[in-house]
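# Survey of secondary and tertiary structure
Chain by chain, the residues:
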Amino acid sequence: MPSLKRPTIEESKQSLLVIGVGGAGEAIVERWAKTYADTGVRFCVGLSETAAMERAAGVVVVVGLGGRAGGPRALLEVTRAKARSVPTTVLAILPFTFEGRGRRRRAQEALTALQAADDALRVFENDDLLCDSDEHLGLQEAYHAFDGQLWSNVENIRQIHFSRVQY
Ligand SMILES: Nc1nc2c(ncn2[C@@H]2O[C@H](COP(=O)(O)OP(=O)(O)OP(=O)(O)O)[C@@H](O)[C@H]2O)c(=O)[nH]1
Ligand SMILES: [Mg+2]
């Protein structure tokens, strides 16, 4: 008989671990850690502590693809979380087209590897930043605006974990 005990909202909030990897992922998560410090979500950049991962009811890995570091590190975090049966979602950002074909290709390769490893992958296009903005935004301003949109995914994932029946 499954126990229908739900985690309290406090437990649920604290149980989500958000990990930023690579230059983009680390920058985004560092900004989030300041802006969303009081939400109860735990943040880390670079390699996460095994103990923190094991305590987490869910892991969110944030990565910008196209460089050399982020893709392999995201894959490593996913593999570690999966080995501990921690539900994992990757938020992967694809590089701007103007950054060149080489970067787009490397991003696509990293995405294919992540898709094979992860059951929950959400993909975002930096190019959409250019379409969505009415005015001309500087790159940093555009990134900051995107931080907020991306954060709504963390909120959404938290809701999913909160409503999950505990067996
Ligand atoms: N949305 C968003 N995208 C970013 C940000 N910083 C970088 N990017 C994008 O992320 C892509 C990957 O860049 P990095 O994360 O720096 O790459 P890396 O994995 O560290 O790899 P190397 O720099 O080659 O060591 C870039 O090509 C940009 O398109 C950011 O703050 N926000
Ligand atoms: Mg980098």
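Preceding block: the structure.
So, here is what we can say about the structure in this document. (Residues numbered from 1 in each chain as written. Chains lettered and ligands numbered in written order. Predicted model: local features only at pLDDT ≥ 70, side-chain atom pairs only at ≥ 80, totals over all residues.)

## With respect to the overall build of the protein chain
The condition that has to hold: Each helix corresponds to a stretch of at least 4 residues labelled H or I by DSSP, and each strand to a stretch of at least 2 residues labelled E; elements are numbered beginning at the N terminus. The exposure label follows from counting other C-beta atoms within 10 Å of a residue's C-beta, where the C-beta atoms are placed from the backbone and the thresholds are 20 or more for buried and 12 or fewer for exposed, leaving partly exposed in between. Here the contact rule is simple: place C-beta atoms from the backbone, and any two residues whose C-beta atoms are within 7 Å are in contact.
The secondary structure content of the protein chain amounts to seven helices and five strands. If you list the helices and strands of the protein chain from N to C, you get α-β-α-β-α-β-α-β-α-β-α-α. Residues classed as buried in the protein chain amount to 32% of the 167 residues present. For the protein chain, restricting intrachain contacts to residue pairs at least 6 apart in sequence, the fraction spanning at least 24 positions comes to 78%.

## As for the pairing of strand 4 (residues 88-94)
So the rule is basically this: Here a strand pair is declared whenever DSSP counts at least two bridges between the two strands.
Extensive coverage of strand 4 is indicated by the burial of seven of its seven residues. The two faces of strand 4 match: Thr88, Val90, Ala92 and Leu94 on one face and Thr89, Leu91 and Ile93 on the other face are all buried. In terms of strand pairing, strand 3 (residues 58-64) meets strand 4 through six bridges, oriented parallel. Its bridge partner being in strand 4, Val63 is matched across the sheet by Ala92.

## Some words on the packing of helix 4 (residues 70-83) against helix 5 (residues 101-117)
Where we set the bar: To get an axis, fit a line to the C-alpha atoms, keeping to the stretch in contact for a helix; angles then go from 0 to 180 degrees between the N-to-C directions. Orientation is classified from the angle alone, with under 35 degrees giving roughly parallel, over 145 giving roughly antiparallel, 65 to 115 giving roughly perpendicular, and any other angle giving oblique.
Packing of helix 4 against helix 5 brings their axes to within 10 Å, and their N-to-C directions diverge by 5°. The orientation of helix 4 with respect to helix 5, classified from their angle, is roughly parallel. Two secondary-structure elements touch here, helix 4 through Gly71, Ala74, Leu75, Val78 and Thr79 and helix 5 through Ala110, Ala113, Leu114 and Ala117.

## Description of the nonpolar core
This is how the line gets drawn: Nonpolar cores are built from buried Ala, Val, Leu, Ile, Met, Phe, Trp, Tyr and Cys residues. These are joined into a set through C-beta atoms within 7 Å.
By size, the foremost hydrophobic cluster in this structure holds 34 residues, and its most contacted members are Val18, Val60, Val61 and Val63. Taken together, the elements giving at least two residues each to this core come down to strand 1 (16-21), helix 2 (22-35), strand 3, helix 4, strand 4, helix 5 and helix 7 (139-162). When sequence neighbours within four positions are dropped, the list of residues in contact with Val18 reads Val29, Trp32, Val41, Arg42, Phe43, Val60, Val62 and Val154.

## Looking at the environment of Ala69
Relative to the helices and strands, Ala69 is located in the loop between strand 3 and helix 4. What makes Ala69 partly exposed here is the crowd of 16 C-beta atoms within 10 Å. Once the C-alpha coordinates of Ala69 and Gly22 are considered, the two residues, 47 residues apart in sequence, prove to be 5.2 Å apart. Not counting residues up to four positions away in its chain, the partners in contact with Ala69 are Gly22 and Gly23.

## A few points about the site of ligand 1
Defined as follows: In this entry, near means the residue's backbone-placed C-beta atom lies within 6 Å of the molecule or strand. The nonpolar class holds Ala, Val, Leu, Ile, Met, Phe, Trp, Tyr, Cys and Pro. Asp, Glu, Lys and Arg form the charged class, and all remaining residues, Gly among them, are polar.
Close contacts around ligand 1 come from 19 residues, with Gly22, Gly23, Gly64, Gly67 and Gly70 the closest. Of all elements in the fold, only helix 2 and helix 7 reach the threshold of two or more residues within the shell around ligand 1. For the shell around ligand 1, the element with the most residues is helix 2, which contributes five residues. Taken together, the residues of the shell around ligand 1 sort by class into nine nonpolar, seven polar and three charged.

Remember, this is a structural readout, not a statement about activity or role.
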